[in-house]
Amino acid sequence: MSRVLLIEDDRAVREGVTLTLRRRGHEVEAAPTGEAGLAALESFRPDLVLLDLMLPDKSGFEVCRRIRATQQIPIIMLTARGDDIDVVLGLEAGADDYIVKPARGEVLEARIRAVLRRAAPSDGGPDPAVTQPAETHGDLTVDRAGLLVSKDGQDLALAPSEMKLLLYLSATPGRVFSRQQLLEHVWEHSYHGDARLVDACVMRLRTKVEDSSRSPKYIQTVRGFGYRFGPL
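Residues numbered from 1 in each chain as written. Predicted model: local features only at pLDDT ≥ 70, side-chain atom pairs only at ≥ 80, totals over all residues. Heavy atoms only, no water.

Time to look at the packing of helix α7 (residues 179–187) against helix α8 (residues 195–209). Remark: α7 packs on α8, axes separated minimally by 9 Å, with the N-to-C direction vectors making an angle of 85 degrees. Classed by the angle they form, the pair α7 and α8 counts as roughly perpendicular. Only Ala-195, Leu-197, Val-198, Asp-199 and Cys-201 of α8 make contact with α7, whose side of the interface consists of Arg-179, Leu-182, Leu-183 and Trp-187. For the contact of α7 with α8, a count of residues per class yields seven nonpolar, no polar and two charged. (Axes fitted to C-alpha atoms, helices over the stretch in contact; angles between N-to-C directions. Helix = DSSP H or I, 4+ residues; strand = E, 2+ residues; numbered from the N terminus. Parallel < 35°, antiparallel > 145°, perpendicular 65-115°, else oblique. Contact = heavy atoms within 4.5 Å. Nonpolar A, V, L, I, M, F, W, Y, C, P; charged D, E, K, R; others polar.)

For the coordinates displayed, the defined rule picks out 18 salt bridges. One salt bridge connects Glu-135 with Arg-144, and the closest N-O pair in it is separated by 2.6 Å. Here Glu-135 falls in the partly exposed class, since its relative accessible area comes to 24%. Residue Glu-162 pairs with Lys-208 through a salt bridge whose shortest N-O separation is 2.7 Å. Placement of the pair is Glu-162 in helix α6 (residues 160–170) and Lys-208 in helix α8, with a sequence separation of 46 residues. Judged by relative accessible area, which is 26%, Lys-208 ranks as partly exposed. Salt bridges sharing partners connect three or more residues here, namely Glu-8, Asp-52 and Lys-101. (Salt bridge = Lys/Arg side-chain N within 4 Å of Asp/Glu carboxyl O. Buried < 20%, exposed > 50% of the residue type's maximum accessible area, 1.4 Å probe, protein only.)

How two aromatic rings sit relative to each other is set out by the distance from centre to centre and by the angle between their planes. If you walk through the whole model with that rule in mind, you get two aromatic pairs. Relative to Phe-177, the ring of Tyr-168 lies with its centre 5.0 Å away and its plane at 50 degrees, an arrangement referred to as tilted. Among the residues examined, Phe-177 registers a relative accessible area of 2% and is labelled buried. Here Tyr-218 and Phe-229 contribute two aromatic rings whose centre-to-centre distance is 5.9 Å and whose plane-to-plane angle is 35 degrees, an arrangement assigned as tilted. Of this pair, Tyr-218 sits in the loop between α8 and β10 (219–222) while Phe-229 is found in strand β11 (residues 226–229), placing the two residues 11 residues apart along the sequence. Taking relative accessible area as the criterion, Tyr-218 reaches 0% and is therefore assigned buried. Lying over the aromatic face of Phe-44, Arg-3 brings its terminal NZ or CZ to 4.2 Å of the ring centre. (Phe/Tyr/Trp six-rings, centres within 6.5 Å; stacked < 30°, edge-to-face > 60°. Lys NZ or Arg CZ within 6 Å of the ring centre and 35° of its normal.)

To continue, consider the nonpolar core. Core analysis: the biggest nonpolar cluster contains 49 residues, and Val-49, Leu-51, Ile-67, Ile-75, Leu-165, Leu-182 and Ile-219 have the highest contact counts within it. Here this core gets seven residues from one element, more than from any other, and that element is α8. Once residues within four sequence positions are removed from consideration, Ile-67 is found in contact with Leu-38, Leu-41, Val-49, Ile-73 and Ile-75. (Core = buried A, V, L, I, M, F, W, Y, C linked by side-chain atoms within 4.5 Å.)

Of all the positions in helix α4 (residues 85–93), only Asp-86, Val-87, Gly-90, Leu-91 and Ala-93 are classed as buried. Down the axis of α4, the buried set is contained in an arc of 160 degrees. They therefore lie on one face. Looking at the buried positions of α4, the neighbouring elements they touch are α3 (60–70), β4 (75–79), β5 (97–100) and α8. Following α4 by one or two positions, Gly-94 has its phi on the positive side, about 125 degrees. (Arc of directions from axis to C-beta.)

Here it is, written out as structure tokens:
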């Protein structure tokens, strides 16, 4: 199972989540502060980070940005409020998903599995037995087998959600997908209405692949419908 780094200052939540995940076979390292979490990131080398937004020494937003500055490890935010600006700010800082506390064990497990699958997506990918060349879309080169994306020859550092969203959209250039379709296929969420995940990821992805986020040629908005890749 996966190695999970939990950064959470509330002792009861920290112990409860740790026990829940360990019972499900995960290896867990728990840190009570942002600095302790960042230190554990180097020594523990987790597969995924569960990150509380309200930490005593530094905000979860800052911790998220510091992780994203050097690594594209999956990050799931833990928040006590699921319908306010904190969620949006956390997603904009680079988180892949969020969970509202208190979370049931099956919810934690489902989100962890989904975000880890995003780190090695298969949707739109090639048959592993068949070698396929990398695709070229304008200035972008997409290697689905290697999970690599480059622009003008420079590799792009994409978080798991950004990578899977780009792979999914670029598999059928010109096709329009609704936010709900993207939520279900990329984030694997069955509930409706949480367009924040999609919109925040699109915003982050555009800053990396577009020459101008205001005039995107790759990740285009189709007003009233959703998003599409191109046409270039």
